[in-house]
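Read off the chains here:
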Amino acid sequence: MTLSAIGNPDRFENRSQLLRRAGFDLSASRSGEKSKSAVPVISKKGKADLRYALYQAALVASSLTRHFRAYYNRLLDGRQREQGIRTKMRVKIAAKMLVIAWTLMKRKESFDPAYIQS
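Below, the structure is looked at part by part.

Conventions adopted
- Residues numbered from 1 in each chain as written.
- Predicted model: local features only at pLDDT ≥ 70, side-chain atom pairs only at ≥ 80, totals over all residues.
- Heavy atoms only, no water.
- Core = buried A, V, L, I, M, F, W, Y, C linked by side-chain atoms within 4.5 Å.
- Buried < 20%, exposed > 50% of the residue type's maximum accessible area, 1.4 Å probe, protein only.
- Helix = DSSP H or I, 4+ residues; strand = E, 2+ residues; numbered from the N terminus.
- Contact = heavy atoms within 4.5 Å.
- Axes fitted to C-alpha atoms, helices over the stretch in contact; angles between N-to-C directions.
- Parallel < 35°, antiparallel > 145°, perpendicular 65-115°, else oblique.
- Left-handed = near helix turned anticlockwise from the far one by under 90°.
- Nonpolar A, V, L, I, M, F, W, Y, C, P; charged D, E, K, R; others polar.
- Salt bridge = Lys/Arg side-chain N within 4 Å of Asp/Glu carboxyl O.

Overview of the nonpolar core
The nonpolar side chains of a soluble globular protein tend to be buried with one another.
For step 1, the next point in the chain: Counting residues in each nonpolar core, the largest one holds 30 residues, and the members touching the most others are Leu-18, Phe-24, Ile-93 and Leu-98.
For step 2, the next point in the chain: Contributing elements (two or more residues each) for this core: α1 (2–6), α2 (15–22), α3 (48–64), α4 (66–76), α5 (85–107) and α6 (114–117).
For step 3, the next point in the chain: Excluding residues that lie within four positions of it along the chain, Phe-24 makes contacts with Leu-19, Ile-42, Arg-51, Leu-54, Val-91, Ala-94, Ala-95 and Leu-98.

Given below as structure tokens:
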């Protein structure tokens, strides 16, 4: 799914273009509100199938893969009681997975767990 969505990795100049393609970019619906009171959420304007596949991959990776599980636990550290925080952090991991896949395709490299920390 990711390979078909990215296609030629050189067509994206930066990670924000890639995240926008998947609908993981942040946007806030203001509707007459002041900007500081508007809550940013993912836009969901990109490819829904790609976003779903990445979220499912993040769900599995955050529970079964040692490196992603450690990263997920670091993201949650001290925030476990916040409502919806687990889903938000999995969305963050899904976006990170997409950027890592794009970077690997662009550089023609193999996966290195150090990419998760950066």
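Considering the packing of α4 against α5
In a pair of packed helices, the angle between the axes and the distance between the axes together describe the arrangement.
For step 1, the next point in the chain: Running from N to C, α4 and α5 cross one another at 135 degrees; their axes reach a closest spacing of 10 Å. Between α4 and α5, the interaxial angle falls into the category oblique. The handedness of the crossing between α4 and α5 comes out as right-handed. Within the contact between the two elements, α4 uses Phe-68, Tyr-71, Tyr-72, Leu-75 and Leu-76 and α5 uses Ile-85, Arg-86, Met-89, Arg-90, Lys-92, Ile-93, Lys-96 and Met-97.
For step 2, the next point in the chain: The residue makeup of the contact of α4 with α5, split by class, is nine nonpolar, no polar and four charged.

Looking at the pattern of salt bridges
A side chain with one charge may pair with a side chain of the opposite charge, provided their charged atoms come close.
For step 1, the next point in the chain: Evaluated as defined, the whole model comprises one salt bridge.
For step 2, the next point in the chain: Residues Glu-82 and Arg-79 are paired through a salt bridge, measuring 3.0 Å at the closest nitrogen-oxygen approach.

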